[in-house]
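Each chain, written out:
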Amino acid sequence: EKAKWPKETVELWERLSKKEANDVETVQKSIVHHVTTTLARAAYNMDNFSAYQAVALSTRDRLISRWNETQGQLSKADPKRVYYLSLEFLLGRSMDNALLNMGLKGTYGKGVEQLGFNMEDVIESEVDAALGNGGLGRLAACYMDSLATLDYPAWGYGLRYNYGIFQQRIVDGYQTEYPDYWLNFDNPWELPRLDISIQISFGGHVQSIQDEYGVTRHNWIPAQSVQAIAYDVPIPGYDTENCNNIRLWRSKPTKTFDLTSFNEGNYEKSVEDATNAEKITSVLYPNDNTMAGKELRLKQQYFWTAASLHDIVRRFKKSRREWSDFPDQVAIQLNDTHPTLAIVELQRLLVDEEMLSWDDAWEIVTKTFAFTNHTVLPEAMEKWSVPMFEYLLPRHLQIIFDINLFFLQKVEKKFPNDRGLLNRMSIIEEAQPQQIRMAHLAVVGSHKVNGVAALHSNLIKTTIFKDFVDYYGEDKFVNKTNGITPRRWLHQANPKLSKLISDTLGSDKWLKDLSLLKKLTTKIDNAEFRKSWMAIKRHNKVRLAELIKIRCNVEVSPDALFDVQVKRIHEYKRQFMNILAVIHRYRTIKSMTASQKASVQPRVVIFGGKAAPGYYIAKLVIKLINSVAAVVNQDPAVGDLLKVVFIPDYNVSVAEVIVPASDISQHISTAGTEASGTSNMKFVLNGGLIIGTMDGANIEILEEIGEENIFIFGCLAHEVEDLRHAQRYRGVPMDPALQGVISAIEKGVFEDPKIFQPLISTLTVGKDFYLISADFASYIAANQAVDTAYKNQEEWSKKSIRCTANMGKFSSDRSVKEYADDIWGIKSYPIVDEGHM
Ligand code: 8GP
């Protein structure tokens, strides 16, 4: 169209669509403009929240210009892109991050202060986008930051839940859940694309007909359909023009479907259908590392993968290339098995709609997809019952059975006459009813499978995917150790330390090349530097102490050792072991004379994390922590030597306060159960030491920072099976210290012991699946080693600096580069600032 315009019109557009300047006054004008027009408020009559809204809208304008330029230039160049399919993106707050990444924090800070507001208060008015449960969702967010920063052409695809992860409140020591209606006020960080609507179908039946060449064609005749509407979330890279996109889908009733019932006078049915359609994206399932198996969850998964693939295919088709070029243009990463249906949907599109042969289609599919596994826990493995699946997706079920048939035929050819092997490898589990094993489908449909830390990637090769390694060979199974973005987790969360590092290294280049931190090592013997380093830690501890006072109404001393365990509550993560050791510590202090007490290292034990609402044992752990806290914190015999707090509603923005303030943090899963962990990396990057087991990424952290800077205890992954066997069949007695702790609970030292009986039962000899008793003595010893080490503050400060200095490997930039080079085959495509709005 533009070509048809007279020259003057084109020039007028060019002139008027120049980017706004980024000086303080222009920024202030844009803020005031949004206050008076978009928000329709009087200029002076505002609170922090409306100030936040106006600053956010002004920031958003600048994000949108970058987004437009990026997407415009990428459309023209059409390089290979990666699509990251994740049911969870745990972004947290956006404003501070966007301003820092765009290099506008200083300007906005000054502008906002001059307008009479405190920038920190304004930033804190933002509610978290909490569209994720824990590590898996936050990893997706860190990867999006790195992809944008490294100028990779990448889009995320996810769901726009009306309700994110529930809000946690503690009532009488128990977790209670409240809905997180985060969209209550408009969300300035999304661009609704109401014009992008895709019809998604469910149910019905399959019609099979012979075409003119005698080939059987399968036609899916669905029973119902809904619309997927796109909402785009711009993701600005740090120190680059590039701005990537996360497209989140929202479900809505289709107009036609609505109207039919309505016109037939069946008003109630039409309302009911509309509600059912909206329900699909209404709520995030609150399970971490467990599978719920609900029909609505399966609907979410299909709705999301079908909408995303439709979008990806439409973009590909614009280039008018051959289908065989598809894997050269498109890489799709499956974040866990949740998006595995995308494999089946692409095969269906290619065979049923694009009329490709099965084999040609399957080659395209398997070259396109790659799959990340995040856990070996059996309760987390996704399985869908065949009858339920058939009811919702009859054609997809046929395709899965065909994929499985052809796959098993090849297995049989390679390893003849091994029925056991076929049974184990089958995508269909022969149970009552039959189950679809999504992990098997994901492996069969992908060209690469990766674990998320070295130990984990090896474990999956010898356990859940062993047969697949024998069949496909080693090369298909790779490791991509997780990483975290240093922009959010150091620069944003710990601005004082970030500044000290930049001042010391002479530039902020380390924020894009984290290995540069290594140079901090040269400062370790500089007493002045160590003093500044520890002063920042103390400042961060004061800030956390204030948060604890507000949220828990407990006064804690910032001079005590801050000991932190914050993560989802799960038996395998062993928060239970931690609180049992706290009880042991409490009993030890109580038994001391005054002079003995004088040498005790004061400690504040800080817990935080949500339990899945249906996870009874995890919820009891929270109750026990709060019951212990209530007794310990009131006990004058203990005073400041020990405090225990449970910080309610742990989320990303709370983590940003906790992480920089920790002296020691706990990563104490039973060896072999925590695939990687990512908070371990965040703490160490911020100069916090860790106590942990030889599990997940702890092992690689040890390798980087040196064993003298980490407190390791407990059994090793390869010992776990024997230990379980020994306690089950040889009745290894309970650890005596642990026995003492249990007796105290049973005597009612902490509330009515009946409450905790189900929890204590998990420790019964022979049933202690997570090996708390086996690891207890070494855990207590490791905690004592922490106390001793902390008393020598000079040495501790050296350890702390060494920690930060050696964390280069754990930048998500490194992870994402490895994925790009080894799995996706994509290159960075830097965006040029053409000065357009
Ligand atoms: C988590 C792992 O538990 C954690 O160790 C890892 O750091 C994180 O993923 C990121 O890789 N796994 C899950 O959240 C998970 O497996 N969820 C299951 C429901 C799939």
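This structure is a prediction, so every number in the text was calculated from the model and none was measured. Per chain, residue numbering runs from 1 following the sequence as it is written. Reporting in this predicted model follows two pLDDT cut-offs: at least 70 for local features of residues, and 80 or more for side-chain atom pairs to be given and counted; totals over whole chains, interfaces and linings ignore these cut-offs and use all residues.

### Things to note about the overall build of the protein chain
Moving on, step 1. Only DSSP runs of H or I reaching four residues or more are called helices, and only runs of E reaching two or more are called strands; each is numbered from the N terminus. Scanning the protein chain from terminus to terminus reveals 34 helices and 24 strands.
Moving on, step 2. Only C-alpha atoms enter the radius of gyration, while the globule expectation follows 2.2 Å times N to the 0.38, with N the number of residues. The C-alpha atoms of the protein chain give a radius of gyration of 28 Å, which matches the 28 Å a tight globule of 837 residues would have.
Moving on, step 3. Along the longest, intermediate and shortest principal axes, the C-alpha atoms of the protein chain span 95 × 75 × 60 Å.
Moving on, step 4. To sort residues by exposure, count the other C-beta atoms lying within 10 Å of each residue's C-beta; 20 or more gives buried, 12 or fewer gives exposed, and values between give partly exposed, all with C-beta atoms placed from the backbone. Here the protein chain holds 837 residues, and the buried ones make up 47% of them.
Moving on, step 5. Placing C-beta atoms from the backbone, we regard two residues as in contact once those atoms come within 7 Å. At a minimum sequence separation of 6, the contacts of the protein chain that also span at least 24 residues come to 77%.

### Digging into the pairing of strand β11 (residues 243–253)
Taken residue by residue, a regular strand's side chains alternate between the two faces of the sheet.
Moving on, step 1. Judged by how many residues are buried, β11 sits mostly within the fold: 10 of 11 residues are covered.
Moving on, step 2. One bridge is not enough; two strands pair if DSSP finds at least two bridges between them. Both strand β4 (residues 154–159) and β11 contribute to a ladder of five bridges, which runs parallel. Looking at β11, one finds that G158 is bridged to L248.
Moving on, step 3. Sheet analysis places strand β10 (residues 224–236) next to β11, joined by 11 bridges and oriented antiparallel. Bridge assignment links P236 to a residue of β11, and that residue is C243.
Moving on, step 4. Taking the residues that link successive antiparallel strands as the turn, the β10-β11 hairpin has six residues, and the phi of D239 there is positive, at about 55 degrees.

### Quick word on helix α13 (residues 358–368)
Moving on, step 1. For α13, the set of buried residues is A361, W362, I364, V365 and T368. Each buried residue of α13 sits inside an arc of 160 degrees when the element is viewed along its axis, so together they form one side.
Moving on, step 2. The inward-facing, buried residues of α13 abut α11 (326–329), β12 (330–335), α12 (341–353) and β13 (369–372). What the arc measures is the spread of directions leading from the helix axis to the C-beta atoms.

### Section: the packing of helix α23 (residues 575–590) against helix α25 (residues 616–634)
Moving on, step 1. One way to put it is that α23 packs onto α25 with a least axis distance of 10 Å and a crossing angle of 20 degrees. The angle between the axes of α23 and α25 places the two elements in the roughly parallel class. Crossing handedness for the pair α23 and α25: left-handed. Facing Q575, F576, I579, V582, I583 and Y586 of α23, the residues of α25 in contact are V621, L624, I625, V628 and V632. Axis lines are fitted through C-alpha atoms, for helices just across the contact stretch, and the angle between N-to-C directions can take any value from 0 to 180 degrees. Relative orientations are named as follows: roughly parallel for angles under 35 degrees, roughly antiparallel for angles over 145 degrees, roughly perpendicular for angles from 65 to 115 degrees, and oblique for any other angle. Note: crossing handedness is left-handed where the near helix turns anticlockwise from the far helix by less than a right angle, and right-handed where it turns clockwise.

### Concerning the sheet that holds β10
Moving on, step 1. If you walk across this open sheet you meet the nine strands as β7-β10-β11-β4-β1-β12-β13-β17-β18, and the pairing is mixed. Of all strands in the sheet, those with a lone pairing partner are β7 (191–202) and β18 (477–479), marking the two edges. Looking at each pair of strands side by side, their axes are set apart by 25 degrees on average, direction ignored.
Moving on, step 2. Here strand β17 (residues 448–451) runs beside β18; their pairing, made up of three bridges, is parallel. Paired with G451 across the bridge in β18 is N479.

### Observations regarding the pairing of strand β19 (residues 561–566)
Moving on, step 1. Among the six residues in β19, five count as buried, and that is most of the element.
Moving on, step 2. Relative to strand β20 (residues 603–608), β19 runs parallel, the two being bridged by six bridges. Across the sheet, the residue bridging to V566 is G608, located in β20.
Moving on, step 3. Inspection of the sheet shows β19 paired to strand β22 (residues 664–667) by two bridges, in the parallel sense. When the bridges of β22 are listed, V564 appears paired with S665.

### Comments concerning the site of the ligand
Moving on, step 1. Each residue gets a C-beta atom placed from its backbone. If that atom is within 6 Å of a molecule or strand, the residue is near it. Close to the ligand lie 18 residues, the nearest being G135, L136, H374, T375 and S676.
Moving on, step 2. In this classification, the charged set is Asp, Glu, Lys and Arg, the nonpolar set is Ala, Val, Leu, Ile, Met, Phe, Trp, Tyr, Cys and Pro, and all remaining amino acids, among them Gly, are polar. Of the residues that constitute the shell around the ligand, the class distribution is five nonpolar, 10 polar and three charged.

### Some points on the sheet that holds β22
Moving on, step 1. On the basis of which strands lie adjacent, the open sheet formed by six strands has the order β21-β20-β19-β22-β23-β24 and parallel pairing. For this open sheet the edge positions go to β21 (642–647) and β24 (711–712), each flanked by a neighbour on one side alone.
Moving on, step 2. For β22 and strand β23 (residues 689–692), the ladder comprises four bridges, and the chain directions are parallel. Residue pairing for β23: S665 is matched across the bridge by I690.
Moving on, step 3. Each of β19, β20, β21 and β22 touches α23; the most contacted strand, β21, lies at about 155 degrees to it.

### Comments concerning the UniProt feature "modified residue: N6-(pyridoxal phosphate)lysine" (unreviewed entry) in the protein chain
Moving on, step 1. UniProt positions are given in the numbering used here, feature names are shortened, and annotations may be inferred rather than shown by experiment. In this numbering, the UniProt entry assigns the feature "modified residue: N6-(pyridoxal phosphate)lysine" (unreviewed entry) to K682.
Moving on, step 2. Take K682: it is sitting in helix α27 (residues 679–685).
Moving on, step 3. Overall, the presence of 30 C-beta atoms within 10 Å leaves K682 in the buried class.
Moving on, step 4. When sequence neighbours within four positions are dropped, the list of residues in contact with K682 reads I484, W489 and V659.

### Description of the domain arrangement of the protein chain
Moving on, step 1. Each domain's extent is set by a domain assignment, obtained either automatically or from a database. Taken domain by domain, the protein chain holds domain 1 (15–77 + 94–127), domain 2 (78–93 + 128–481) and domain 3 (536–810).
Moving on, step 2. For domain 1 versus domain 2, the separation of C-alpha centres amounts to 34 Å.
Moving on, step 3. Facing 24 residues of domain 1, the contacting portion of domain 2 comprises 20 residues.
Moving on, step 4. For the side of domain 1 that touches domain 2, the secondary structure elements donating two or more residues are α3 (48–77) and α4 (95–102).
Moving on, step 5. Looking at which element gives the most residues to the side of domain 1 that touches domain 2, the answer is α3, with 14 residues.
Moving on, step 6. Grouping the amino acids of the side of domain 1 that touches domain 2 by side-chain chemistry returns 11 nonpolar, eight polar and five charged.

### What about helix α32 (residues 772–791)?
Residues three or four positions apart in an α-helix share a direction because the helix packs 3.6 residues into each turn.
Moving on, step 1. Expected span, for any helix, means 1.5 Å times one less than how many residues it has. Taking 1.5 Å as the rise per residue, α32 with 20 residues should run 28 Å; its terminal C-alpha atoms sit 28 Å apart, in good agreement.
Moving on, step 2. Fitting axes to the seven residues ending at a residue and to the seven starting there, one defines the bend at that residue as the angle between these axes. Along its length, α32 reaches its greatest deviation from straightness, about 30 degrees, at S778.
Moving on, step 3. Taken as a whole, α32 has its buried residues at I772, S773, A774, D775, F776, Y779, A782, N783, V786 and Y790.

### A look at the packing of helix α2 (residues 24–38) against helix α5 (residues 105–114)
Any two packed helices are characterised by how steeply their axes cross, that is the angle between the axes, and by the distance between the axes.
Moving on, step 1. Put simply, α2 and α5 touch, their axes get as near as 9 Å, and they point 60 degrees apart. The angle between the axes of α2 and α5 places the two elements in the oblique class. Between α2 and α5 lies a crossing of right-handed hand. Listed contacts from α5 to V24, V27, Q28 and I31 of α2 are T107, Y108, K110, G111 and Q114.

### Observations concerning the confidence of the model for the protein chain
Moving on, step 1. A residue-level look at the protein chain finds 99% of positions with pLDDT of 70 or above and a mean pLDDT of 96.
Moving on, step 2. Across the assembled chains, the prediction reports ipTM 0.98 with pTM 0.98. Confidence per residue, as judged by the predictor, is encoded in pLDDT with a range of 0 to 100.

### A few points about the environment of D232
Moving on, step 1. Mapped onto the elements of the fold, D232 is located in strand β10.
Moving on, step 2. Owing to 19 C-beta atoms within 10 Å, D232 belongs among the partly exposed residues under this scheme.
Moving on, step 3. Each C-alpha atom of the pair D232 and L511 lies 26 Å from the other, and the pair is 279 residues apart in sequence.

### Examining the environment of S426
Moving on, step 1. Mapped onto the fold, S426 is located in the loop between α16 (419–425) and β15 (428–429).
Moving on, step 2. Through-space distance from the C-alpha of S426 to that of R437 is 8.1 Å; in sequence the pair is 11 residues apart.
Moving on, step 3. For S426, the contacting residues outside a window of four places in its chain are N404 and L408.

### Quick notes on unusual backbone geometry
Moving on, step 1. Note the cis peptide between Q432 and P433, where omega equals -5 degrees.
Moving on, step 2. Take P433: it is sitting in the loop between β15 and β16 (435–437).
Moving on, step 3. For D78, which is not glycine, the phi dihedral falls at a positive 50 degrees.
Moving on, step 4. Mapped onto the secondary structure, D78 falls in the loop between α3 and β1 (81–85).

### What about the environment of A454?
Moving on, step 1. Looking at where A454 falls in the secondary structure, it is placed in helix α18 (residues 454–462).
Moving on, step 2. Judged by local crowding, A454 falls into the partly exposed class, with 17 C-beta atoms found within 10 Å.
Moving on, step 3. A C-alpha to C-alpha distance of 6.4 Å links A454 and T481, two positions 27 residues apart in sequence.
Moving on, step 4. When neighbours within four sequence positions are excluded, A454 is seen to be in contact with N479, T481, I699 and E700.

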